[in-house]
Amino acid sequence: MSTNPNEVVSFQNVSKVYNTGTIALSQFDLTITEGEFISFLGPSGCGKSTALRMVAGLSEATSGHVQVFGKTPKEIIQKTNDIAFVFQDANLLPWRTVLDNVLLPLELRGSTKKSHKEYAIEVLEMVGLKDYLYAYPRELSGGMKMRVSIARALAAKPKMLLMDEPFAALDEITRQTLQVDLLNIWQKEKTTILFVTHNVYEAVFLSSRIAVMSSRPGKLSSIINVNLPFPRKLQVRTDKTFTDYVDIAAHSLENSSIRRELG
Amino acid sequence: MSTQSVATKKTKIVSDFPQSNEGKIWTKFKGVYLGPIIALITFLSLWQLIPALLGIKPFILPKPTDVLHAAITDWHLLWPAIQITVIESIIGFLLSATIGIFVSILLASSKVLEISIYPYAIILQTIPVVAVAPIIVIWFGAGFNAIVTISFLIGFFPVISNTLMGLNSVDKNMGELFTLYNASKWKKMWKLRIPSAMPYIMAGLKVSCTLSIVGAIVGEYVAGIGGGKGGLGYAITVAAIQLKTPYLFACGIAAALLGIGFYLLVSLVAHLMLRSWHESAMKVEK
Ligand SMILES: Nc1ncnc2c1ncn2[C@@H]1O[C@H](COP(=O)(O)OP(=O)(O)O)[C@@H](O)[C@H]1O
Ligand SMILES: [Mg+2]
């Protein structure tokens, strides 16, 4: 079993081969500890989503083991509210109001207590949507929809948040405000966040640790500890240390692709 | 001060705007309704003039005034016929809607069922119901029951095929979201698949409602009246035999108006149900 009591996710020599023959992940080893904000950074197609989906039990390893809170992902999904997933698209139900969308996880888990509704409203307040409780998704902008999606993920009080390029479809300004807000939520709620991105700046700004991946086959190529203090403000982007980290991350991305090209 | 001047400027611009409200209505009328109205008047005038000019007998081609006259003088026959056809087709439609949706949900809730039964549903759909109508008359007896059954059968398949398509059109990520929250098959059906299918179901119902009138009239041709009073289909058959062509035209036009009315009604219900969320029912906002 795990040696570290704070360990929440472990990939042990995990490989994934889709039945099309694509090797999405190859000998992937990684341990994630409680309270981390870890980003999976890599080019498109390097298996980031595959890795994240394995943690959620939506995809199964061809070989090796994935453990979440010391159990299999399937067990966690079926028995607990411990993990929540945020997709790239907000994925809201168009026939439900914002509040009812956020209440969906609780409803599906079979709890419709009044206290839950209060908590859902509280979470919506946290993401800045207090005035839109009874609006329908079509009335919201892309950024607001993503906020609802994050609120929905938080509503069941998960211990871990899995986010697959949640801000990739948003414009730069909206993305930056959401990044700041997400960091605040992370610090307030003390959840562990696994965040997939192909954006170097985003990875450095948000993460306490970055797992850089390379493709064909998808591999972990390096780990970067980002020792920038939290809370981070947008201005941190102009700091020398920040740009240094961006350089490091960009280089390890490049190296991993060069290594691949040299064979 | 400056805000005030801006405000006055604004009102000035508004009042300078060349079109008053009445003007707008007139523009809209001209753009949307005027053309069809002129076309209709032209059509009716030609229809009125040509038989008169060529000396065509009313029992071959009645003039619009002949048709109107027949409808008014035989209103005591026409009105009950309309009522009967309305009742038959509404019952037929309601049966196709409820049974169609219910069967689709049942089929969609089990992959095995759907795979093994759906091909037959498609084959059945291609059988012209008119061809098997006499069997239905043998089974259900002449008259009302057989007519409603034929109306139901004709309206049934569009509901099934549309509903099934809708139930299987659920967004993949949404499906995974429900899996992640460990939703049971029935919760997924009830809270995701059926609401997602609503636009498809409504499209199916719109097709089905006009078909149910066709079904009722065809049913009356085939199944007769079985002792009861006849509907429009029966009235048409009788009028044809008696060469009461103007009345026959009146019945045909009544059937057409019935179809249009029914379609508009179902469309309205569909619009109201989908209004709050689905884009197909939404006007594009500027
Ligand atoms: N369901 C699937 N079936 C077959 N191949 C897949 C499937 N999902 C992903 N892949 C392939 O696996 C590789 C990794 O995909 P993915 O994990 O989505 O990468 P990323 O999220 O980093 O862009 C890609 O080459 C992709 O085409
Ligand atoms: Mg991906």
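Residues numbered from 1 in each chain as written. Chains lettered and ligands numbered in written order. Predicted model: local features only at pLDDT ≥ 70, side-chain atom pairs only at ≥ 80, totals over all residues. Heavy atoms only, no water.

Residues and elements named next belong to chain A. If you walk across this open sheet you meet the 6 strands as β5-β6-β7-β3-β8-β9, and the pairing is mixed. Since the sheet does not close on itself, it has two edges, and those belong to β5 (83–86) and β9 (219–225), each with one partner. Taken pair by pair, the neighbouring strands of this sheet meet at an average axis angle of 15 degrees, ignoring direction. The pairing of strand β8 (residues 209–214) with β9 spans 6 bridges and is classified as antiparallel. Paired with arginine 209 across the strands is asparagine 225, a residue of β9. Of the strands in this sheet, β3 (37–41), β5, β6 (160–164), β7 (192–197) and β8 are in contact with helix α1 (residues 48–55), which crosses β6 at around 150 degrees. (Pairing = 2+ DSSP bridges. Helix = DSSP H or I, 4+ residues; strand = E, 2+ residues; numbered from the N terminus. Axes fitted to C-alpha atoms, helices over the stretch in contact; angles between N-to-C directions. Contact = heavy atoms within 4.5 Å.)

Quick look at the pairing of β6(A) now. Residues and elements named next belong to chain A. Counting buried positions along β6 yields 5 of 5 residues, so the element is predominantly enclosed. Across the two faces of β6 the burial is the same, with Met160, Leu162 and Asp164 and Leu161 and Met163 all buried. Strand direction decides the pairing type here: β5 and β6, joined by 4 bridges, are parallel. Each residue of the ladder has a partner; that of phenylalanine 85, found in β6, is leucine 162. Once you follow β6 into helix α6 (residues 172–189) and on to β7, the crossover reads as right-handed. (Buried < 20%, exposed > 50% of the residue type's maximum accessible area, 1.4 Å probe, protein only. Right-handed = clockwise from strand over helix to strand, strands pointing away.)

With respect to the helices, strands and loops of the structure, B:Leu177 is situated in helix α8 (residues 172–180). Those residues in contact with B:Leu177, other than ones at most four positions away along the chain, are A:Phe85, A:Phe87, A:Asn91, A:Leu104 and A:Arg152.

Time to look at the UniProt feature "transmembrane region" (unreviewed entry) in chain B. All names here are of chain B. UniProt annotation of "transmembrane region" (unreviewed entry) refers to residues 32–56, 76–108, 120–140, 146–167, 197–218 and 247–274 when read in the numbering used here. As annotated, residues 32–56 comprises 92% helix and 0% strand, and the C-alpha atoms at either end are separated by 35 Å. Secondary structure within residues 197–218 divides into 100% helix and 0% strand; the distance between the first and last C-alpha atoms comes to 31 Å. (UniProt positions renumbered as here; feature names shortened; annotations may be inferred.)

Turning to the sheet that holds strand β1 (residues 7–17) of chain A, a few remarks are in order. Residue and element names in this part refer to chain A. Here we have 3 strands laid out as an open sheet, ordered β2-β1-β4, and antiparallel in their pairing. One side of each edge strand has no neighbouring strand; the edge strands of this open sheet are β2 (23–33) and β4 (63–68). The sheet shows a mean angle of 15 degrees between the axes of neighbouring strands, taken without regard to direction. Inspection of the sheet shows β1 paired to β4 by 5 bridges, in the antiparallel sense. Bridge pairing in β4 places serine 10 opposite glutamine 67.

Moving on to the packing of helix α2 (residues 21–54) of chain B against helix α3 (residues 64–73) of chain B. All names here are of chain B. Interaxial distance between α2 and α3 falls to 8 Å at its minimum, and their mutual angle equals 95 degrees. Classified by the angle between their axes, α2 and α3 sit roughly perpendicular to one another. Here Leu44, Trp47 and Gln48 of α2 come into contact with α3, specifically with Pro64, Thr65 and Val67. Along the lines of polarity and charge, the residues of the contact of α2 with α3 split into 4 nonpolar, 2 polar and no charged. (Parallel < 35°, antiparallel > 145°, perpendicular 65-115°, else oblique. Nonpolar A, V, L, I, M, F, W, Y, C, P; charged D, E, K, R; others polar.)

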